[in-house]
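Fold and geometry: a report
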Amino acid sequence: MLPDGELMTIDASVIEKGLRTLLLKPNVIVLDTVDSTNSYVRSLLARGLTDEIVVLADSQHAGRGRQNRCWHSPLGGLYMSLTLKPRLPESRVAMLGLLAGCAAADAIHQMTGLDAGLKWPNDIMIREHKVGGILSEAVNISDGTTIVILGIGIDQNTRLEDMPAEFRDRTTTILTESGLETSREELAYKIVNNIDARLAVLVSDSSPSSILDEWMRVNVTIGKKVQVNDGERVIRGVAVGITPTGSLRVKVGHRDIEIQAGDVLQY
Ligand code: BTN
């Protein structure tokens, strides 16, 4: 028995037992600390790894977020990276980040009953506060195939006091919202199961509408006034939808502008 508040390390066997997947059969790798689970997977791919894996770490000391930002990764959070070998047309590969966002938001809801939504593209939100995010990276390996690394970070059993002060007013954690410490293993296998179920539909469906429909149902961006910085310009308008490849459509006056990647402020 550990003293109150002390975290046990993640138990890979609990994750393995919880997996109920049709397509994905990942080997589970658990680390105590690492620079970044996504970077760790990249290094394994560079060394010729071909098996599907899911890597989890108790903490990261160089966690990476979208747009080259840092992902603060203290003990208690869920930090995981899953490899996928999607046999999908290029246009659908772009949707895997949205798919992972839907899968993670659903897993949080299944586990806690909390209402988790998605801010474009795939920030996981509870009560307009960010609780998690997805970093999706495509890597070409030596045999010419593309592997997608889905990096998922969730502020699960972390306390707001563990977050940098400047993030606290726009961030939350599952612990803060539910008042309960929850199992990282359970959240991890539920996310993988949810990704697998959606992937099965995406590979068999003749149109990608199921993921887009789900994203539209759970998103908290469409219909809002937004300011989007796509790295080159700042666009102000109203978010009116997403394209079949997941770009955000923003109405600016009479024009519809499509944004592939960027940061959104919404009002
Ligand atoms: C975002 O900016 O919202 C995406 C954050 C993604 C963080 C996760 S934590 C596990 C994986 N490893 C990383 O270095 N980043 C992702």
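Residues numbered from 1 in each chain as written. Predicted model: local features only at pLDDT ≥ 70, side-chain atom pairs only at ≥ 80, totals over all residues. Heavy atoms only, no water.

Some thoughts on the overall build of the protein chain
Tallying secondary structure elements over the protein chain gives seven helices and 12 strands in all. Taking 18 Å as the expected radius of gyration for a compact globule of 267 residues, we find that the protein chain reaches 18 Å, a close match to that expectation. Reported as C-alpha extents along the three principal axes, the dimensions of the protein chain are approximately 60 × 45 × 30 Å. Residues classed as buried in the protein chain amount to 52% of the 267 residues present. (Helix = DSSP H or I, 4+ residues; strand = E, 2+ residues; numbered from the N terminus. Rg over C-alpha atoms; globule rule 2.2 N^0.38 Å. Buried < 20%, exposed > 50% of the residue type's maximum accessible area, 1.4 Å probe, protein only.)

Quick notes on the site of the ligand
S36, Q60, R64, R66 and K130 are the nearest of the 20 residues found near the ligand. R66 has a polar backbone atom sitting 2.7 Å from an oxygen atom of the ligand. Protein burial of the ligand: of its 410 Å² of free accessible surface, 99% is covered by the chains. Mapped by element, the contributors of at least two residues to the shell around the ligand are α2 (37-46), β3 (78-84), β6 (129-140) and β7 (146-154). Take the shell around the ligand: its biggest share by element is four residues, from β6. (Near = heavy atom within 4 Å. Polar contact = N/O pair within 3.5 Å; in protein donor to acceptor, adjacent residues only side chain to side chain. Areas by Shrake-Rupley, 256 points an atom, 1.4 Å probe, with all protein chains shown as cover.)

Focus on the sheet that holds β6
Ordered in space as β1-β2-β3-β7-β6-β5-β4, the seven strands form an open sheet in which the pairing is mixed. The sheet is open, and its two edges are formed by β1 (27-34) and β4 (117-119), each paired on a single side. Going across the sheet, the axis of each strand differs from the next one's by a mean of 25 degrees, ignoring polarity. Note that β1 and strand β2 (residues 53-60) share seven bridges and pair parallel. Directly across from L31, in β2, lies its bridge partner A57. This element, helix α4 (residues 96-112), spans β3, β4, β5 (123-126), β6 and β7 of the sheet and lies at about 35 degrees to β7. Each of β2, β3 and β7 touches helix α6 (residues 184-204); the most contacted strand, β3, lies at about 30 degrees to it. (Pairing = 2+ DSSP bridges. Axes fitted to C-alpha atoms, helices over the stretch in contact; angles between N-to-C directions. Contact = heavy atoms within 4.5 Å.)

As for the pattern of salt bridges
By the definition in use, this model includes 14 salt bridges. With its nearest N and O atoms 2.9 Å apart, the salt bridge here joins R184 to D58. On the criterion of sequence distance, the pair formed by R184 in helix α6 and D58 in strand β2 is long-range, its members being 126 residues apart. Judged by relative accessible area, which is 5%, R184 ranks as buried. (Salt bridge = Lys/Arg side-chain N within 4 Å of Asp/Glu carboxyl O.)

Some points on the side chain of S73
Its place among the elements puts S73 in the loop between β2 and β3. Looking at S73, its side chain comes within polar contact range of the side chain of Q60, at 2.9 Å. A polar contact of 2.6 Å, which involves the side chain of S73, links it to the backbone oxygen of W71. Here S73 is in contact with S59, Q60, G63 and Y79, once residues within four sequence places are set aside.

Some remarks on the sheet that holds strand β12 (residues 263-266)
Overall, antiparallel pairing links the five strands, which are arranged β11-β10-β9-β8-β12 in an open sheet. In this open sheet, the two strands that pair with only one neighbour each are β11 (255-259) and β12. Adjacent strand axes in the sheet meet at a mean angle of 45 degrees when their direction is disregarded. Here strand β9 (residues 234-242) runs beside strand β10 (residues 248-252); their pairing, made up of four bridges, is antiparallel. When the sheet's bridge partners are listed, V238 is paired in β10 with K251.

Observations regarding unusual backbone geometry
When glycine is set aside, most residues are seen to have a negative phi, and most peptide bonds are trans. A cis amide bond links W120 to the next residue, P121, at an omega of 0 degrees. Its place among the elements puts P121 in the loop between β4 and β5. Phi at Q67 is positive, roughly 55 degrees, even though this residue is not glycine. On the basis of relative accessibility, which here comes to 38%, the residue Q67 falls in the partly exposed class.

Focus on the confidence of the model for the protein chain
Scored by pLDDT, the protein chain has a mean of 93; 96% of the residues are at 70 or more. Confidence drops under pLDDT 50 across residues 1-5; counting only partners more than four residues distant or on other chains, this segment forms two contacts. (pLDDT = per-residue confidence, 0-100.)

Details of α4
Between the first and last C-alpha of α4 there are 24 Å, a value that for 17 residues agrees with the 24 Å anticipated at 1.5 Å per step. For α4, a buried count of 13 out of 17 residues is recorded, marking the element as mostly surrounded by other parts of the structure. At the C-terminal side of α4, G113 shows a positive phi close to 80 degrees. (Expected span 1.5 Å × (residues − 1).)

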